[in-house]
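What follows is each chain in one-letter form.
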Amino acid sequence: MVDVETFIPEAKAEIEAALGDETAIIALSGGVDSSTAAALAYEAVGDQLVPVYVDTGLMRKGETEGIRETFSHMDSLRIVEAQDRFLDALAGVTDPEEKRHAIGEQFIREFETVAKEVDASMLVQGTIYPDRIESEGTIKSHHNVGGLPEVVDFDGIVEPMRDLYKDEVREVARELGLDSVVSERMPFPGPGLAVRVLGEVTEEKLRVAREATAVVEDELEEADPWQAFAAVLGKATGVKGDNRVHGWIVAVRSVESRDGMTARAQALDWETLQRIQSRITGQLDSVSRVVYDVTHKPPATIEYE
Ligand code: XMP
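Residues numbered from 1 in each chain as written. Predicted model: local features only at pLDDT ≥ 70, side-chain atom pairs only at ≥ 80, totals over all residues. Heavy atoms only, no water.

Peer 1: Outline the sheet that holds strand β4 (residues 122-124), supporting the account with residue identities and numerical values.
Peer 2: Overall, parallel pairing links the five strands, which are arranged β3-β2-β1-β4-β5 in an open sheet. In this open sheet, the two edge strands, each paired with only one partner strand, are β3 (78-81) and β5 (156-158). When strand polarity is set aside, the average angle formed by the axes of neighbouring strands in this sheet is 25°. With three bridges joining them, β4 and β5 adopt parallel strand pairing. Among the inter-strand pairings, Val 124 is bridged to a residue of β5, identified as Val 158. (Pairing = 2+ DSSP bridges. Helix = DSSP H or I, 4+ residues; strand = E, 2+ residues; numbered from the N terminus. Axes fitted to C-alpha atoms, helices over the stretch in contact; angles between N-to-C directions.)

Peer 1: Kindly report on the environment of Leu 268, identifying the contributing residues and their values.
Peer 2: Relative to the helices and strands, Leu 268 resides in the loop between β8 (264-265) and α11 (270-283). We classify Leu 268 as buried; its relative accessible area is 16%. Discounting residues that sit within four places of it in the chain, Leu 268 has contacts with Leu 220, Ala 223, Ser 254, Leu 273 and Tyr 292. (Buried < 20%, exposed > 50% of the residue type's maximum accessible area, 1.4 Å probe, protein only. Contact = heavy atoms within 4.5 Å.)

Peer 1: Account for unusual backbone geometry, with residues named and values stated.
Peer 2: Residue Pro 298 follows Lys 297 across a cis peptide bond; omega there is -10°. Assignment of secondary structure puts Pro 298 in the segment after β9 (287-292). Despite not being glycine, Asp 119 shows a phi value in the positive range, around 60°. Mapping Asp 119 onto the fold places it in the loop between α5 (96-117) and β4. The phi dihedral of Asp 224 falls on the positive side, at around 50°, and the residue is not glycine. Looking at the element boundaries, Asp 224 is found in the loop between α10 (203-219) and β6 (227-240).

Structure below.
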């Protein structure tokens, strides 16, 4: 386990030395990794760091407001409203890898615009150890901000947490005094809700995934899984009131893991599962069915795409 008391000053010194007088930029996703890296770098260099949060429209409920609040002390914070541009870029795209690619490309465009505006020559990234392993194995085209260094042409990249595991990052976050909403938040993929709605990304599917995920997170707070969420799989027949409806099938996923590289489906009790089912179908008229995913990783992945 990392010794945070030595790690933090060392990481800050590394960031300071790497930046010198240059301006650095970091992509904030709202997740624990990028938030912790940003907090660490901001403590080290203040407004010389420009944290950029791109609202892709693929974020969890309350994520943008949370960022605004948590990082309100950072004068240099930039929030880019890009929801429409991401939806346009994703229109008609159904292949999972193409979806990731479209999101990655759009992200680079948004990020590059800000990097040029603030004349940033350095990039800080919240890359952690498992990211590097999965990318090397090309298990998937891993979208954090992969591709940024080649496209934006930075003079240097600083990855202060490159050797840490997720639970170690959380320790660092706690030590830095980051809000527990951030430090204890479940992992969230770079492409966001797009990998939790199968097929084409539409506003309607995103809304269902977002609202259902909020229910899952709320109901499972006590069960304390490593990661839990809802995904939109497709449509199935159901009965609502007196009518037969063709509604969404929502899958609930809750897993235990250390680093996301392997995972076990969590053994939830029946009452909890039923409460989740009844809240989701009650709250969302367009959902006709809720299923619980009992598959471990492997053979499944944690996300659906
Ligand atoms: P999978 O679905 O491959 O996910 O079992 C393992 C862990 O990684 C997260 N994940 C991603 N994180 N960019 C990320 O930053 C991505 O493209 C991405 N895909 C999956 C996933 O949420 C899980 O925690």
